[in-house]
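Listed below are the residues making up each chain.
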Amino acid sequence: MNTVLVSLLVNSGILLALGAALYAAPSPLLNPHAVPFGVRVPPDKADAPEVSEQRRRYRALLLPATLIVTVAALAIGAVLDSVAVGGVAAVVLCVIAATLWLSAHRALARAKERGNWYENVRQGVVMDTSLRTDPVRLPWAWTIPSVVVIVVTAVAGAIVYPRLPEMLALPERSSSGTVYREITTTFWTAYSLVFAQILLTAAVIGTVAAVLRARADLDVSRPRSSAAQHRRYLSVTARSLLGVAALLNLMLLGLSGMMWSDSRSGAVLTLVIGVPTLAAVAVSVPLVRMGPGGSRLALENGDGSGGTGGSGGSDEGTGLVPRDDDRHWYGAGVVYVNADDPAILVPRRVGVGWTVNVGNPRFLIISAAVLAIAAGATVVSVTVR
């Protein structure tokens, strides 16, 4: 296929997909309903005219920007015959979206302050102590697929290791496409992707364990049904993450096979990477469909009938609204800093999932340890080369 055409297709695909994701970013489907653009507001103000206006403005400006950046990237990519242009254009598009998001965040913060939106409301917080005394258990059975894939990869490596050539080829992405970097065959290089599988699995298990112990963002107006909803959300999230880990391990198994057999087929590489990646995306879809914190999960009412997240449940409304805690959030609602909060992981304000409490001393210690391990791994990698 013509390389210019390939560059055009790759660049347009990257930018259009990214543009669509950024366009949908302010949607309540992808963010907590009462935290538009990272600003905490009372639930009855979540769809206020000021909020709707900022969503409309964000999208009205982002759409033409996406088209302009995409057209410019396609033109430059055709001239330079490089897919790297798409990456640069993607960064530019993200910067534009971040600028528009920050502008909307500041406008809503001013509107909330001028309108005294929290003046006549009862604020409160709620916690479910049973999430500590009787937490959602880590589903160890869902780690079995990852372990099986690792064992299969290790056994296959042990069989082929004596017959491996003196040099191994690892596929890498570059501005000109996929290239293969040759490295000297040693035990460490031959089993490098097996070690990656082990580290990946351990990291996901650790992440799941941390998520199951993370602070819950419960609905103060309906605490009992919200707690039940949160438990279901944690259970589905844990299984989904462990399923994604197994699929990524399967991809590393395929890459190991290509490295050991010295296969440089583009079609095989596409299948080895593409199929597990698409499957991982499919497994992750429930995480998005559940909404932030599982807000769209169906619940059971007290009579056993089904209910909808946010409106169902057997407990009656308390009349409270979530406490205004904007003072602990920075970067338009992206960064959480609170040294008085013992939680390391807290629910995200922007997007789905969790973020770290940068002000927690334990997080700083863990970060330093991770950086030290990464630096050591880099030194070992350079030495092996």
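Because the structure is predicted, anything quoted here is derived from the model rather than measured.

1. Side note on the packing of helix α8 (residues 223-261) against helix α9 (residues 266-289)
Okay, so step 1: Across the interface, α8 lies against α9 with an axial gap of 9 Å and an inter-helix angle of 180°. Compared by their axis directions, α8 and α9 come out roughly antiparallel. Residues V236, T237, S240, L241, V244, L247, M251, G254, L255 and M258 of α8 form the contact with α9, whose own contacting residues are V268, L269, V272, I273, P276, T277, A279, A280, V283, S284, P286 and L287.
Okay, so step 2: Across the contact of α8 with α9, the residue classes break down as 17 nonpolar, five polar and no charged.

2. Quick word on the pattern of salt bridges
Okay, so step 1: Per the counting criterion, the structure on display carries eight salt bridges.
Okay, so step 2: Here D324 makes a salt bridge to K112, at a shortest N to O gap of 3.1 Å. Of this pair, D324 sits in the loop between β6 (321-322) and β7 (329-330) while K112 sits in helix α3 (residues 84-115); the two residues are 212 residues apart in sequence, bridging distant segments of the chain.
Okay, so step 3: Classification of K112 as buried rests on a relative accessible area of 9%.
Okay, so step 4: Residue R349 is joined to D325 by a salt bridge in which the shortest nitrogen-to-oxygen separation is 2.3 Å.

3. Examining the packing of helix α7 (residues 192-212) against α8
Okay, so step 1: Here α7 crosses α8 at 175°, and the two axes come no closer than 9 Å. Viewed along their axes, α7 and α8 adopt a mutual orientation that is roughly antiparallel. Residues S192, L193, A196, Q197, L200, T201, V204, I205, V208, V211 and L212 of α7 touch α8, and the partners they reach there are L234, A238, L241, L242, A245, L248, N249, L252, L253, L255, S256 and M259.

4. Some words on the environment of S226
Okay, so step 1: Structurally, S226 can be placed in helix α8.
Okay, so step 2: Put simply, S226 and A216 are 10 residues apart on the chain and 9.6 Å apart in space, counted from C-alpha to C-alpha.
Okay, so step 3: The contact partners of S226, leaving out residues within four places of it in the chain, are L218 and D219.

5. Brief notes about the environment of R163
Okay, so step 1: Secondary-structure assignment places R163 in the loop between α5 (144-160) and β2 (167-174).
Okay, so step 2: Measuring from C-alpha to C-alpha, the distance between R163 and W260 comes to 9.2 Å, with 97 residues separating the pair along the chain.

6. Some points on the confidence of the model for the protein
Okay, so step 1: On average, residues of the protein score 85 in pLDDT, and 89% of them are at 70 or above.
Okay, so step 2: Mean pLDDT values for the elements of the protein range from 43 in strand β5 (residues 306-307) up to 95 in α5.
Okay, so step 3: The model gives residues 300-313 a pLDDT under 50, and that stretch makes 28 contacts with residues more than four places away or in other chains.

7. So, α3
Okay, so step 1: Across its 32 residues, α3 extends 47 Å between first and last C-alpha, which sits within 8% of the 46 Å expected from 1.5 Å per residue.
Okay, so step 2: N116 occupies a position one or two residues after α3 and carries a positive phi of about 50°.

8. Remarks on unusual backbone geometry
Okay, so step 1: Positive phi, close to 55°, is recorded for F37, a residue that is not glycine.
Okay, so step 2: Tracing the backbone through its elements, the reader meets F37 in the loop between α1 (3-24) and α2 (49-80).
Okay, so step 3: For F37, a relative accessible area of 2% translates into the label buried.
Okay, so step 4: The backbone of D262 sits at a positive phi, close to 60°, despite the residue not being glycine.

9. Some words on a nonpolar patch on the surface
Okay, so step 1: Residues Y330, V334, V335, V337, V358 and L364 make up a contiguous nonpolar surface patch of about 450 Å² in total accessible area.
Okay, so step 2: Within the fold, V358 resides in the loop between β10 (354-356) and α10 (361-384).
Okay, so step 3: Given a relative accessible area of 31%, V358 falls into the partly exposed group.

10. Observations regarding the side chain of R349
Okay, so step 1: Its place among the elements puts R349 in the loop between β9 (345-347) and β10.
Okay, so step 2: By relative accessible area, which is 3% here, R349 ends up buried.
Okay, so step 3: A distance of 2.6 Å separates a polar atom in the side chain of R349 from a polar atom in the side chain of D326.
Okay, so step 4: Beyond its immediate chain neighbours, meaning those up to four positions away, R349 contacts N31, P32, V35, G38, V39, R40, D325, D326, W329 and G333.

11. Concerning the packing of aromatic side chains
The description of two aromatic rings rests on the distance between their centres and on the angle between their planes.
Okay, so step 1: All told, the structure shown has 10 aromatic pairs when counted by the stated rule.
Okay, so step 2: Three or more aromatic residues joined by ring pairs make a cluster, and in this case those are Y161, F187, W188, Y191 and F195.
Okay, so step 3: The positively charged end of R59 is found above the aromatic ring belonging to Y23, 5.4 Å away from the centroid.

12. Examining α5
Okay, so step 1: Taking 1.5 Å of rise per residue, the 17 residues of α5 would be expected to cover 24 Å, and the 24 Å separating its terminal C-alpha atoms lies within 8% of that figure.
Okay, so step 2: Those residues of α5 hidden inside the fold are in contact with α7 and α8.

13. Looking at the environment of V51
Okay, so step 1: Along the chain, V51 turns up in helix α2.
Okay, so step 2: Judged by relative accessible area, V51 falls into the buried class, the value being 0%.
Okay, so step 3: Setting aside residues no more than four positions away along its own chain, V51 makes contact with P36, K45, A46 and L108.

Cut-offs applied
Residues numbered from 1 in each chain as written. Predicted model: local features only at pLDDT ≥ 70, side-chain atom pairs only at ≥ 80, totals over all residues. Heavy atoms only, no water. Axes fitted to C-alpha atoms, helices over the stretch in contact; angles between N-to-C directions. Helix = DSSP H or I, 4+ residues; strand = E, 2+ residues; numbered from the N terminus. Parallel < 35°, antiparallel > 145°, perpendicular 65-115°, else oblique. Contact = heavy atoms within 4.5 Å. Nonpolar A, V, L, I, M, F, W, Y, C, P; charged D, E, K, R; others polar. Salt bridge = Lys/Arg side-chain N within 4 Å of Asp/Glu carboxyl O. Buried < 20%, exposed > 50% of the residue type's maximum accessible area, 1.4 Å probe, protein only. pLDDT = per-residue confidence, 0-100. Expected span 1.5 Å × (residues − 1). Patch = residues over 30% accessible without salt bridge, like charges linked within 9 Å, V, L, I, M, F, W, Y side chains within 5 Å. Areas by Shrake-Rupley, 256 points an atom, 1.4 Å probe, with all protein chains shown as cover. Polar contact = N/O pair within 3.5 Å; in protein donor to acceptor, adjacent residues only side chain to side chain. Phe/Tyr/Trp six-rings, centres within 6.5 Å; stacked < 30°, edge-to-face > 60°. Lys NZ or Arg CZ within 6 Å of the ring centre and 35° of its normal.

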